[in-house]
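Listed below, chain by chain, are the residues.
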Amino acid sequence: GSDLKMQDNFNIFLADSKENGLLDQLEEKWFVMDEPTEIPDYDSLTGEEGTLLFAIESVQKPFSYMKNGSYTGFDVELMTLFAREYGYRLKIEDVSFGGILSGIEQGRYDIAGSGVTITEERKESMDFSDCYHVEDLVLVVKGSTSSADGVGNIFSSFKESFEKTFIRENRWKLIVEGTVI
């Protein structure tokens, strides 16, 4: 149906944006440079192909946030550019992150942003666009020490346990999701 058409169009837009450098420009703008001062002009979209209900959480800077009473951010600008190219109007709804996911599952929103990550569990109940941004998250871990009192051995044991639990078993995702919520 129209949802598949919109998803296909968005994936084509992403592929074109990777090829023509637009995604690189947006990443530089939103993740590297000083905070942009302009707001994406989503109010002037024409909508000859209809309206997309776009769910975001407006506290996910730099992906989506409020500035001077308007929505802005990497995801907001990306969706604005997509909507302009494919003739959609964009209606933005500000909801909690949990509301974004349940709203997509229940069909209340056409598309959602705000730094959503792909997980196997989520793939069971919703479709994802192609990946357009990769974020490497790391934790800083104190280096091991050679201590005669055994503190180094305790820390080494903790480090091994941490690596097994949070890295190999992917439990770090639960912490990230909990922090976001």
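Placed above this text is the structure.
This section reports on the structure supplied with the text. On a predicted model such as this, the values are computed, not experimentally measured, just so you know. (Residues numbered from 1 in each chain as written. Predicted model: local features only at pLDDT ≥ 70, side-chain atom pairs only at ≥ 80, totals over all residues. Heavy atoms only, no water.)

### Comments concerning helix H2 (residues 22-32)
- Every buried residue of H2 is accounted for by Leu-22, Leu-23, Leu-26, Lys-29 and Trp-30. The buried residues of H2 occupy an angular sector of 130° when the element is viewed end-on, so they sit on one face. Of the residues in H2, the exposed ones pointing more than 90 degrees away from the buried face are Asp-24, Gln-25 and Val-32. (Buried < 20%, exposed > 50% of the residue type's maximum accessible area, 1.4 Å probe, protein only. Helix = DSSP H or I, 4+ residues; strand = E, 2+ residues; numbered from the N terminus. Arc of directions from axis to C-beta.)

### Quick look at the side chain of Ser-64
- As for its placement among the helices and strands, Ser-64 is situated in strand E3 (residues 64-67).
- A distance of 2.8 Å separates a polar atom in the side chain of Ser-64 from the backbone oxygen of Glu-57.
- Beyond its immediate stretch of four places on either side in the chain, Ser-64 contacts Ile-56, Glu-57, Ser-58, Val-59, Thr-72, Gly-73, Val-76 and Ser-114. (Polar contact = N/O pair within 3.5 Å; in protein donor to acceptor, adjacent residues only side chain to side chain. Contact = heavy atoms within 4.5 Å.)

### Points about the nonpolar core
- In this structure, Phe-10, Phe-54, Met-79, Phe-82, Leu-90 and Ile-92 are the most contacted members of the largest nonpolar core, which totals 27 residues.
- Listed by contribution, the elements that provide at least two residues to this core are helix H1 (2-20), H2, strand E1 (51-56), helix H3 (74-86) and strand E5 (89-94).
- The greatest single-element share of this core, amounting to seven residues, is contributed by H3.
- Not counting residues within four places of it along the chain, the set of residues in contact with Leu-90 comprises Tyr-42, Leu-45, Leu-52, Phe-54, Met-79 and Thr-80. (Core = buried A, V, L, I, M, F, W, Y, C linked by side-chain atoms within 4.5 Å.)

### Notes on the packing of aromatic side chains
- Scanning all chains against the criterion turns up 10 aromatic pairs.
- Between Phe-31 and Phe-63, the ring centres sit 5.4 Å apart and the planes meet at 65°, which makes this aromatic pair edge-to-face. Placement of the pair is Phe-31 in helix H2 and Phe-63 in the loop between strand E2 (59-60) and E3, with a sequence separation of 32 residues.
- Judged by relative accessible area, which is 29%, Phe-31 ranks as partly exposed.
- On the numbers, 6.5 Å between centres and 40° between planes, the contact of Tyr-42 with Tyr-71 is tilted. Of this pair, Tyr-42 sits in the loop between H2 and E1 while Tyr-71 sits in strand E4 (residues 70-72), and the two are 29 residues apart along the sequence. Each member of the pair, Tyr-42 together with Tyr-71, is buried.
- Grouped by ring-pair contacts, the aromatic residues Phe-10, Phe-13, Phe-82, Tyr-86 and Tyr-88 constitute a single cluster. (Phe/Tyr/Trp six-rings, centres within 6.5 Å; stacked < 30°, edge-to-face > 60°.)

### A look at the sheet that holds E2
- Strand order in this open sheet of three strands is E2-E3-E4, and the pairing throughout is antiparallel. Sheet topology places E2 and E4 at the edges, where each strand pairs with a single neighbour.
- By the bridge criterion, three bridges tie E3 to E4 in an arrangement that is antiparallel. What sits directly across from Met-66, in E4, is Tyr-71. (Pairing = 2+ DSSP bridges.)

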